[in-house]
Amino acid sequence: MKEILKKVRKYEIEIRKYLNNSNQGDYNSIFKGSGIDFDDLRPYQYGDDYRSINWNISAKEDKIYTNTYKEDKEQSVFFLLDVSQSQYIGNEKHKINISKEIASVLTISALNTNSQVGILCYSDQKELFIQSKKGPSHGYRIIKNLYELKQKSSKTDISKMIKFFMNTIKKKSLVVLISDFIDKDYHKNLSALSKKHDVICLHIFDDYETKIPDLGLIELEEKENNFKKWVNTSSKEFKKLSQNLFISKPEELKKEMGSIGINYLKINSKENYIKNLIKLFKYRKNK
């Protein structure tokens, strides 16, 4: 556990140093977005941000009005982590290891910005749920429980994970959903989640999934449903299936999530994800 915490702190410091030294604004704003709520209306004044103009009210009153906002000091950040069996794919390092590392690094980052942090780990059932709180000891509890987690089910149900979260957490939060998104029929609930919360989706994938060698007829094991099947890796049907599932899907996901206001980031388990996270934070800070 000491080695894990040492690595997590190192990565968090790397993110903090880069953002504070790159003229990108205050590090404390990297989780901005979920803590701002509508407060009131007032007449437009020179210098106001035009994006805050309430055009509906302005048209009715024949005078320009802007929205004013109040900041929720107790901002809440929640991590929704897919811990199903497909996350254990990987040649050198399983996707679940990267997912846990990222959740841990961002937990420390969020706590250092004085946010409340909570976590939900899900397969097709709740595996771990910790309500959001502040403080270093709370962060240690999250990371310790995350790395000691032994899930009960191997299956995936992203839709049920989202439903559980929305039924449990009513306060508007920044939600970071970490998954390989190898599932179906979750898009409607994901859209509903984005309407109530500020959502970031981190899509974890591994090259091992996309570079299946031409081995002819082989027996493959489907881990989540625990069955085996003989497939012909040389067939056009198999190549088309793997192409659509692992290569085309990320581009479709990015487009779909962008259309409903979700920040999407694809993370290769073999690459340095810190650089990609920094790019995402820079984008969010400049929105």
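See the structure above.
Throughout this document, residue positions are counted from 1 along each chain, in the order its sequence is written. Two thresholds apply to this predicted model, a pLDDT of at least 70 for residue-level local features and 80 or more for giving and counting side-chain atom pairs, whereas whole-chain, interface and lining totals are computed over all residues. Each side-chain value is worked out from all heavy atoms of the structure, with water and hydrogens disregarded.

(A) Region of the structure containing the overall build of the protein chain. The helix and strand tally for the protein chain stands at 9 helices and 10 strands. Residue contacts are defined here by distance: any two heavy atoms, one from each residue, within 4.5 Å place the two residues in contact. Across the protein chain, the fraction of contacts at a sequence separation of at least 24, relative to all contacts at a separation of at least 6, is 71%. Elements are defined by DSSP. Helices are runs of H or I of four residues or more, strands are runs of E of two residues or more, and each kind is numbered from the N terminus.

(B) Inspection of helix α4 (residues 136–148) at higher detail. Helices are assigned an expected span. That span is 1.5 Å times one less than the residue count. Spanning 13 residues, α4 covers 18 Å between terminal C-alpha atoms, matching the ideal 18 Å at 1.5 Å per step. Remark: exposure states derive from per-residue accessible area (1.4 Å probe, protein chains only) relative to the maximum for the residue type, with buried under 20%, exposed over 50%, and partly exposed in between. Along α4, the residues classified as buried are His 138, Gly 139, Ile 142, Ile 143 and Leu 146. Buried positions in α4, seen along its axis, are confined to an arc of 135 degrees and lie on one side of it. What points out from α4, more than 90 degrees from its buried face, is the exposed set Pro 136 and Ser 137. Arc, as used here, means the arc of the directions from the helix axis to the C-beta atoms.

(C) How the structure looks around the pairing of strand β10 (residues 263–268). Across the 6 residues that make up β10, a large majority, 5, are buried. In terms of strand pairing, strand β7 (residues 198–205) meets β10 through 6 bridges, oriented parallel. The partner of Leu 202 across the bridge, within β10, is Leu 265. For two strands to be treated as a pair, DSSP must find no fewer than two bridges joining them.

(D) Geometry of the environment of Ile 4. Mapped onto the fold, Ile 4 is located in helix α1 (residues 2–20). Measuring from C-alpha to C-alpha, the distance between Ile 4 and Ser 104 comes to 9.2 Å, with 100 residues separating the pair along the chain. Not counting residues within four places of it along the chain, the set of residues in contact with Ile 4 comprises Ile 143 and Tyr 147.

(E) Region of interest: the packing of aromatic side chains. Stacked, edge-to-face and tilted labels apply to pairs of Phe, Tyr and Trp rings (six-membered ring for Trp) whose centres lie within 6.5 Å, assigned for plane angles under 30 degrees, over 60, and everything in between, in that order. Under the criterion given, the structure shown has 6 aromatic pairs. Judged by centre distance (5.7 Å) and plane angle (85 degrees), the ring pair of Tyr 11 and Tyr 273 falls under edge-to-face. With a gap of 262 residues between them, Tyr 11 in helix α1 and Tyr 273 in helix α9 (residues 273–285) connect regions that are remote in the sequence. There is no split in this pair, since Tyr 11 and Tyr 273 are both buried.

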